[in-house]
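Remarks on the overall topology
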Amino acid sequence: MSLLTWFDPWRSPICTCPPKLTFNPYTGCDHKCVYCYASSYIPQFYECHPKKDLLQRLKREAVRLKGELISISNSSDPYPTMEAETGLTRRCLEILAKCNCRIQIITKSNIVLRDIDLLKQVPSMVALTITTDDEETAKTLEPHAPPPSERLKTAEKLVAEGIPVAVRIDPIIPYVNENPEALVKAIAQIGVGHITASTYKVKADNWQRLNLAMPKTAEKLKPLYFEKGEKIGRYTYLPKSLRLKLMENLAKLAKRYGLKFATCREGLKGLNTATCDGSWLIKPTRNRP
Ligand code: SF4
């Protein structure tokens, strides 16, 4: 099986991502986010481990690249805790930087800063997920990921080094992080160019975790999802009217602070002011040395 495969999230007809390859150096992820979607289709998801024969396989596949955009990673984080020791994602980037491709990193981790030198050698951008600027909420929702303050500092350093940054405020959960004006303002001040937002979608296992982590919130969310919500693919969504209201609010905030905005898997592409995943930020040539 190939390591570099075309990104096709569950053949979702409401995915508006541009054509791109997806690459996960690791299987699973140890950030242990309550709302994680990937955990529902990868067994023992939180027992993170590198892909078998990762570097040999990547070397074989990467020589065939012809300028494709590679998204790293969509079903895990390329910077789990062990990456600080293994350096495997770094070695993958060393291989890719010598090949004909463009790179989009999707992460919650400040370890990405270690690889700025490589990200400068190839057209690239980083999409940092910052779900909330509230440290306590983040600790509950993403218990093993770096805190939001660390992620904001990471965004700031990347921008200062000339690496374009988008922020994913994802997922938006009613009663938890639905009006992130202070976060959007902070992101804009740092020089981030784009926000991607998406509402929380229920899967059986993430709902179970949410009930354990935030029982009072889960009680309030129950009717929104299970009485008024809608089933799209294998997910239970909030009712469309509420999703529209939440995403319109984010779109307004983005506009107020001069950021491009897009929704992710919402069926609301009319709100998008740029390519949904922020990959439009990638410059055609390598980043500033
Ligand atoms: S960082 Fe992403 S892949 Fe890892 S647990 Fe959180 S949501 Fe899942």
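The structure we're discussing is the one just above.
Residues numbered from 1 in each chain as written. Predicted model: local features only at pLDDT ≥ 70, side-chain atom pairs only at ≥ 80, totals over all residues.

1. Observations concerning the overall build of the protein chain
Regarding its fold elements, the protein chain presents 10 helices and 12 strands. The C-alpha atoms of the protein chain give 18 Å as radius of gyration, which agrees with the globular expectation for 289 residues (19 Å, within 12%). For the protein chain, the C-alpha atoms occupy an extent of roughly 50 × 40 × 35 Å along the three principal directions. Restricting the contact set of the protein chain to residue pairs at least 6 apart, pairs at least 24 apart contribute 73%. (Helix = DSSP H or I, 4+ residues; strand = E, 2+ residues; numbered from the N terminus. Rg over C-alpha atoms; globule rule 2.2 N^0.38 Å. Contact = placed C-beta atoms within 7 Å.)

2. Some details on the nonpolar core
Ranked by size, the top nonpolar core spans 72 residues in total, and within it V126, V165, V167, I187, I195 and L250 carry the most contacts. It is helix α10 (residues 240-256) that provides the largest number of residues to this core, a total of 6 residues. If sequence neighbours within four positions are ignored, L250 has contacts with I169, I195, A197 and F261. (Core = buried A, V, L, I, M, F, W, Y, C linked by C-beta atoms within 7 Å. Buried ≥ 20, exposed ≤ 12 C-beta atoms within 10 Å, placed from the backbone.)

3. Structural notes on the environment of K32
Structurally, K32 is set in the loop between β3 (26-27) and β4 (49-50). For the pair K32 and H144, spaced 112 residues apart in the sequence, the C-alpha separation amounts to 6.1 Å.

4. Observations concerning unusual backbone geometry
Backbone torsion omega between I72 and S73 reads 5°, so that peptide bond is classified as cis. Along the polypeptide, S73 turns up in the loop between β5 (68-72) and α2 (83-86). Notably, D53 is not glycine yet its phi reads approximately 50°, a positive angle. Topologically, D53 is positioned in the loop between β4 and α1 (54-62).

5. Structural notes on the pairing of strand β9 (residues 194-199)
Counting buried positions along β9 yields 6 of 6 residues, so the element is predominantly enclosed. The side-chain alternation of β9 yields two buried faces, one formed by H194, T196 and S198 and the other by I195, A197 and T199. Looking at chain direction, strand β8 (residues 165-172) and β9 are connected through 5 bridges and run parallel. Among the inter-strand pairings, V167 is bridged to a residue of β9, identified as I195. With respect to chirality, the unit in which β8 leads through helix α7 (residues 181-190) into the neighbouring parallel β9 is right-handed. (Pairing = 2+ DSSP bridges. Right-handed = clockwise from strand over helix to strand, strands pointing away.)

6. Quick notes on α7
Along α7, the residues that are buried comprise L183, V184, A186 and I187. One side of α7 holds all its buried residues, which, seen down the axis, span an arc of 160°. Seen from the buried face of α7, the exposed residues on the opposite side, beyond 90 degrees, are A182 and Q189. Buried positions along α7 lie against α6 (148-160), β8, β9 and α10. Count one or two residues on from α7 and you reach G191, which has phi positive near 105°. (Arc of directions from axis to C-beta.)

7. Section: the packing of α6 against α7
Axes are the key here: two packed helices are described by the angle between their axes and the distance separating the axes. Packing of α6 against α7 brings their axes to within 9 Å, and their N-to-C directions diverge by 25°. With respect to α7, the element α6 is oriented roughly parallel. The interaxial crossing formed by α6 with α7 has right-handed handedness. On α7, the residues that touch L152, A155, E156 and V159 of α6 are A186, I187 and I190. In terms of residue class, the contact of α6 with α7 is made up of 6 nonpolar, no polar and 1 charged. (Axes fitted to C-alpha atoms, helices over the stretch in contact; angles between N-to-C directions. Parallel < 35°, antiparallel > 145°, perpendicular 65-115°, else oblique. Left-handed = near helix turned anticlockwise from the far one by under 90°. Nonpolar A, V, L, I, M, F, W, Y, C, P; charged D, E, K, R; others polar.)

8. Thoughts on the site of the ligand
The environment of the ligand is made up of C29, H31, K32, C33, C36, A38, S76, D77 and K108. Here the shell around the ligand is composed, by residue class, of 4 nonpolar, 2 polar and 3 charged. (Near = placed C-beta within 6 Å.)

9. Some thoughts on the sheet that holds strand β12 (residues 260-263)
Strand order in this open sheet of 8 strands is β1-β2-β5-β6-β7-β8-β9-β12, and the pairing throughout is mixed. Each having just a single partner strand, β1 (5-6) and β12 make up the two edges of the open sheet. Sheet topology places β1 next to strand β2 (residues 21-22); 2 bridges connect them, and they run antiparallel. Its bridge partner lying in β2, W6 is registered against L21.

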